[in-house]
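Structural overview for review
Residues per chain, in single letters:
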Amino acid sequence: MIKISMIINRPINVISSTKDAYIDLNTTAGSLMGDAPGTSFSIITGADYTNVTGIYIHNTQLWVSAVNHVTLDNISAVVEDQRVGSGVGQTSIRDGSEYITVKNSYFSTTRNGGSSTFVLAYANYCNIDNCTITAGEGSGNLLYFTTYNVNVNMTGKLVNSFNNVTNCKIMPQTEGSGVSLSVVINGYNNTFINNTVKSGGISPQWTGGSSMGWEDPHQAHGYANYTFINNTISGQVEVIKGSSFINNTIGSIYLENNTVINNTITYTQINLTSQLNGNNLSIVEILNINASNSTIINNTIGKIKVNNANVTIKNNIINGREEIILDVTSENNIICNNQITSRALWCDDVVNVDREKNIFENNTPNGIEFNVTDTTYTNFFDETGNVRSNITNFTRLNLVGTFNNKNFTINNKNLQINGIDAILNNATFIIDNQAVVVISNLTINSENSKGIIINSNDNILRNLTIIHNTPTSTLIISNDSTFIKNIQIIKNITTNTNDNLEIINITSNSNEISDLNITIKSDVFTNNITAFSIKNTNNNQINSSNISMNVLRATGIMVKNSSNIELNYNDLFINSQIESKGIIISGNCNETSLEDNNLELKSLNQTYGIIFTNITIDNLTYKMSSNIININSKKAVGLIMDLKNYNFIQEGYSNSISINATEDVQGIISTGYSTFCSVNVSSLKNIETNSAITLISYKNNIRNLRSVSATNASVLRVLNSTNVSLIFGRHVPVYSTNPIYLINSTNITINELYMTISNSNAINIINSSNNVINYSNITTNNTNSNVISFINSSNNVIEYNNITANNTNSNAISLINSSNNVIEYNNITANNTNSNAISLINSSNNVIEYNNITANNTNSNAISLINSSNVNITRNNLISNNKTGDDAIVIDKNSINSIIELNTPTIRILNNQTYNQLFDKNGMLKIDKKEIILQLTSDLNGVKLGFNNTNTLYKRGSSNGTNLW
């Protein structure tokens, strides 16, 4: 194919009169150094004042070099699955070009060899307006200002300066599509206005550094003095010295000598003196002494931290949600005239500032504080418990001493209720109607039906002891963003009801609960008691808490139809008479995290560790790592993954399940996906369905099944499943007293199983097809069963295994009513057995080849065929006690049409009587076998022994002193 370029080197107007002009020069770029960009549509020196309008350029390098005053309007430049732009970018404006306008255009690359989409390389005074710059996988940066791979001398020239990028969309084709960065900058005094930049943000050219001559626009590796106005930048903006940011929305930004006005920014880090005014800033950190003398004025801030610098923080609204929202550990800062609140905490409660080493003045609000006693209670609360209207916002009520039969209802107030040696007998708290309250340092001893009810947002409960023995909920949270820490709840329930009981009931979002200690006892409450219930919510956390339950029926934590739930670092101790359940995840609970939880569960009857159930949509994600489940029970299941054939995306590792049962035991029951676990189960009663892992209608893979053991149980039962790969882990032994079962299952692979079993089959494959067992080491000892047994199963493969049967009356491998199976490349040994190494009964059309098979017993054969026809037994090494090769195979009269050949070795007795049977008149061996053992049993005199090149003579030592003369 002849490849050509289109080169414009004089002023012209290029238009598409039919509005469908299409150019494809089939560019194939060369070196990544940019010295061989390939065929191109080029506008070069001499083409000043050229206009190109309405052209579609496909898989072609667009090249604008050393030219001025060029306009590209309504251009589409698209690259798909072709190496275009290597080292230079698909669209490249370069080599000192100036006053180039690109507008109303579309630029896209996908799998172009990893190069950028749109590049300015020593280009100045350019305008890029109303363009879309996008890329898919296998592409480089989207918009790139660079100094690399410019192969002309630009010493002393302006470096990518005074360019304008306006009204553009710069984004990958899809989020996470594998492109490098959205915008990479180099140069000076460039302006970005009204652009949308997604995924990747804005980053400097990697060898650049704003500290390298940043005030000199002729410095090749510098970048500074940019202006950003009205842009939306979802990612990170890295250091751009001397730049201004006005009215932008930015994910995160790192500031050095910047002016930042009226922006909305999630995370801000100041590293060199900067000025921030009128912004909405979620988090601000000042950690570098070089940021000293920065000013932060008239901003709205969620949290600010100052370390190793002295700055001015004035006239800001600092309103967060954490316990400390202004954290200053350096000296000589000026902190004045700020409004500082966090939930119902204010000013002094939420700041960490050394007042002697900093100026901290006129910050508000200044709260009012009252002491309240049981006697003065009515001065602050009415007869129904409602806080009185004369109690204003930002008031702290200190409850002092003992209170009897007093309720506390707060509506539309911002208050703190703090205890000073306070004990509240028969008290109920209700927080309602947009109230924001902190309740702390109280002991509540109540027989009321209601404990604490939260019907508003942003409340705090901390340092409480709640003794609430009635069979009702102790804590109800129906509105969002409650912060709960260090609470002890004690319930000793002595009465019964007809309903289930939820101790903490959460039906709201974004609550943070940690360091709770919950103790629940009852020997009379017959229905289920749940410590935590979370239903139809999002973004809740229960972490670092202890739950102790000694009841008839118990559930530690129930999560239903709730997403982004964290259950981490919790300890659950449950002892029940009837049923114990640790954690239940029910319904469509996406992004659930269970990490580092410890479950110690007991029951006289039935126990479940963790349950996933009632899933109704695909691709839910959960994380389950480093959890420990220990169970002692009559009947027990460690982990249930009831996914009903839906896909589940799992992240996690190092979970441990250990169960001691007296009857039924299941380590894992899964219908869709199982986390990585060590599983150890045992039962006092050997029940056929007992197992460490049971897969039902399962369709995913399980890797690293390490440390799996089963006493009076199977290691694995696979039922009605398909397309499962089970990788146990090479050289990691598996202990089991019962067989592995594959029942009604297809396309199951068992890989790297190292298993020794006594008194039972190792693997039973029943009514199953197209399964594979490979790279495994399987041994049975002292058993009357087979190592591997096929029953009514077809098209299975046993390959590359070591299979050993010791001291057994059965086979290493048994096939009954099973056809079209393949047994190949295995080492199969039957030691001291009274049966054959491989036995086929009513099993035709099977293949046995390339195996080493040994049967070490006078009553055994290597292979036995009974009523099994059309079997291919070839190229095996077969040895039984007195027979080898083909002779080690026994076939009954009903087994016909089999291919039995090339099995080795062949043994023949050689003496004076058999010589003529074995050798022809010329003394050449007449037996056409590759491997032959001739056993000499008498002296031979004057005979010729000749062998052709297809024979291998094996010498076997003689015990009778015979000689060959």
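Reading guide: rules and limits
- Residues numbered from 1 in each chain as written.
- Predicted model: local features only at pLDDT ≥ 70, side-chain atom pairs only at ≥ 80, totals over all residues.
- Heavy atoms only, no water.
- Helix = DSSP H or I, 4+ residues; strand = E, 2+ residues; numbered from the N terminus.
- Rg over C-alpha atoms; globule rule 2.2 N^0.38 Å.
- Buried < 20%, exposed > 50% of the residue type's maximum accessible area, 1.4 Å probe, protein only.
- Contact = heavy atoms within 4.5 Å.
- Salt bridge = Lys/Arg side-chain N within 4 Å of Asp/Glu carboxyl O.
- Core = buried A, V, L, I, M, F, W, Y, C linked by side-chain atoms within 4.5 Å.
- Pairing = 2+ DSSP bridges.
- Axes fitted to C-alpha atoms, helices over the stretch in contact; angles between N-to-C directions.
- Patch = residues over 30% accessible without salt bridge, like charges linked within 9 Å, V, L, I, M, F, W, Y side chains within 5 Å.
- Areas by Shrake-Rupley, 256 points an atom, 1.4 Å probe, with all protein chains shown as cover.
- Phe/Tyr/Trp six-rings, centres within 6.5 Å; stacked < 30°, edge-to-face > 60°.
- Lys NZ or Arg CZ within 6 Å of the ring centre and 35° of its normal.
- Disulfide = S-S within 2.5 Å.
- pLDDT = per-residue confidence, 0-100.

Right, let's get into the overall build of the chain. Within the chain, the secondary structure is distributed over 1 helix and 94 strands. Since a compact globule built from 965 residues should have a radius of gyration of about 30 Å, the 40 Å found for the chain marks it as more spread out than a globular shape. Dimensions along the principal axes, computed over C-alpha positions, put the chain at roughly 120 × 95 × 55 Å. Relative to its full complement of 965 residues, the chain shows a buried share of 55%. The contacts of the chain with a sequence gap of at least 6 include a subset with a gap of at least 24, amounting to 61%.

By secondary structure assignment, the location of Phe 145 is in strand E16 (residues 143–146). Look at Phe 145 and you get buried, because its relative accessible area is 1%. Along the backbone, Phe 145 and Lys 602 are 457 residues apart, and their C-alpha atoms lie at a distance of 65 Å. Ignoring any residue separated from it by four or fewer positions in sequence, one finds Phe 145 in contact with Leu 120, Asn 160, Val 165, Val 184, Ile 185, Asn 186, Asn 190, Phe 192, Gln 205 and Tyr 226.

As a further point, take the pattern of salt bridges. The tally for this structure, following the rule as stated, stands at 17 salt bridges. For the salt bridge of Asp 95 with Arg 94, the shortest nitrogen-to-oxygen distance reads 3.6 Å. Residue Asp 95 shares its accessibility class with Arg 94, and that shared class is buried. Linked through salt bridges whose partners overlap, the residues forming this network are Asp 81, Arg 111 and Glu 137.

So, on to the nonpolar core. Counting 136 residues, the largest nonpolar core has Phe 532 and Ile 788 as the members making the most contacts within it. In contact with Phe 532, not counting residues within four places along its chain, are Ile 504, Ile 506, Ile 513, Leu 516, Ile 518, Ile 542, Ile 547, Gly 556, Ile 557 and Met 558. The next biggest cluster of nonpolar side chains, apart from the first, holds 83 residues, and it includes Cys 126, Ala 135, Leu 281 and Ala 291.

For a regular strand, side chains alternate in direction, first toward one face of the sheet and then toward the other. Burial along strand E60 (residues 592–595) is two-sided: the residues Thr 592 and Leu 594 and Ser 593 and Glu 595 are all buried. One ladder, built from 3 bridges, connects strand E58 (residues 566–568) with E60; its direction is parallel. Pairing of Glu 566 across the sheet is with Ser 593, part of E60.

In spatial order, the strands read E70-E73-E76-E79-E82-E85-E88-E91; together these 8 strands make up an open sheet with parallel pairing. Two strands close off the open sheet at either side, each with one partner strand: strand E70 (722–727) and strand E91 (899–901). Taking the axes of each pair of neighbouring strands and ignoring which way they run, one obtains an average angle of 5 degrees across the sheet. Strand direction decides the pairing type here: strand E88 (residues 872–874) and E91, joined by 3 bridges, are parallel. Opposite Asn 872, over in E91, you have Ile 899 as the bridge partner.

Moving on, we come to a nonpolar patch on the surface. On the surface, Tyr 775, Tyr 800, Tyr 825 and Tyr 850 cluster together to form a nonpolar patch covering roughly 380 Å² of accessible area. Residue position: Tyr 825 is located in the loop between strand E82 (822–824) and strand E83 (827–831). The exposure class assigned to Tyr 825 is partly exposed, which follows from its relative accessible area of 37%.

Between Thr 364 and Pro 365 the backbone carries a cis peptide bond, its omega angle lying at 0 degrees. Within the secondary structure, Pro 365 sits in the loop between strand E42 (359–361) and strand E43 (368–372). Thr 904 connects to Pro 905 through a cis peptide bond whose omega is -15 degrees. Within the secondary structure, Pro 905 sits in the loop between E91 and strand E92 (906–910). At Asn 362, a residue that is not glycine, the phi angle is positive and equals roughly 55 degrees. Here Asn 362 is to be found in the loop between E42 and E43. Non-glycine residue Asn 536 carries a positive phi angle of around 55 degrees.

Turning next to the packing of aromatic side chains. Across all of its chains, the model carries 22 aromatic pairs by this definition. Summarising the aromatic geometry, the rings of Tyr 377 and Phe 381 are spaced 5.1 Å apart at their centres and angled 15 degrees between planes, so their arrangement reads as stacked. Measuring from centroid to centroid gives 5.0 Å for Tyr 915 and Phe 919, while their planes differ by 15 degrees, and the two rings are stacked. Accessibility assignment for this pair places Tyr 915 and Phe 919 in one class, buried. Site record: aromatic cluster; members linked through ring pairs are Phe 145, Phe 192, Tyr 226, Phe 228 and Phe 245. One Lys or Arg, Arg 355, reaches over the ring of Phe 360 and ends 4.1 Å from the middle of that ring.

With that settled, the discussion passes to the pairing of strand E34 (residues 300–306). By the bridge criterion, 6 bridges tie strand E32 (residues 280–286) to E34 in an arrangement that is parallel. Paired with Ile 286 across the two strands is Val 306, which belongs to E34.

Let us look at the environment of Asn 720. Its place among the elements puts Asn 720 in the loop between strand E69 (708–719) and E70. Taking C-alpha positions, Asn 720 is 55 Å from Cys 131, a pair spaced 589 residues apart along the chain. Not counting residues within four places of it along the chain, the set of residues in contact with Asn 720 comprises Ser 697, Tyr 698, Ile 743, Asn 744 and Ser 745.

One can find Gln 577 in strand E59 (residues 571–586). Here the alpha-carbon distance between Gln 577 and Leu 604, two residues 27 residues apart in the chain, equals 4.9 Å. Excluding residues within four positions of it along the chain, Gln 577 makes contact with Asp 523, Val 551, Leu 552, Ser 603, Leu 604 and Asn 605.

Within the secondary structure layout, Asn 771 lies in the loop between strand E75 (763–766) and strand E76 (772–774). By relative accessible area, which is 2% here, Asn 771 ends up buried.

Across all of its chains, the model carries 0 disulfides by this definition. Here Cys 336 is not disulfide-linked; the sulfur of Cys 347 is the nearest cysteine sulfur, at 11 Å. Owing to a relative accessible area of 3%, Cys 347 belongs among the buried residues under this scheme.

This part covers the confidence of the model for the chain. Here the chain shows a mean pLDDT of 89. Residues at 70 or above account for 92%. Low pLDDT, under 50, characterises residues 207–214; the stretch is placed with 25 contacts to residues that sit more than four places away or in other chains.

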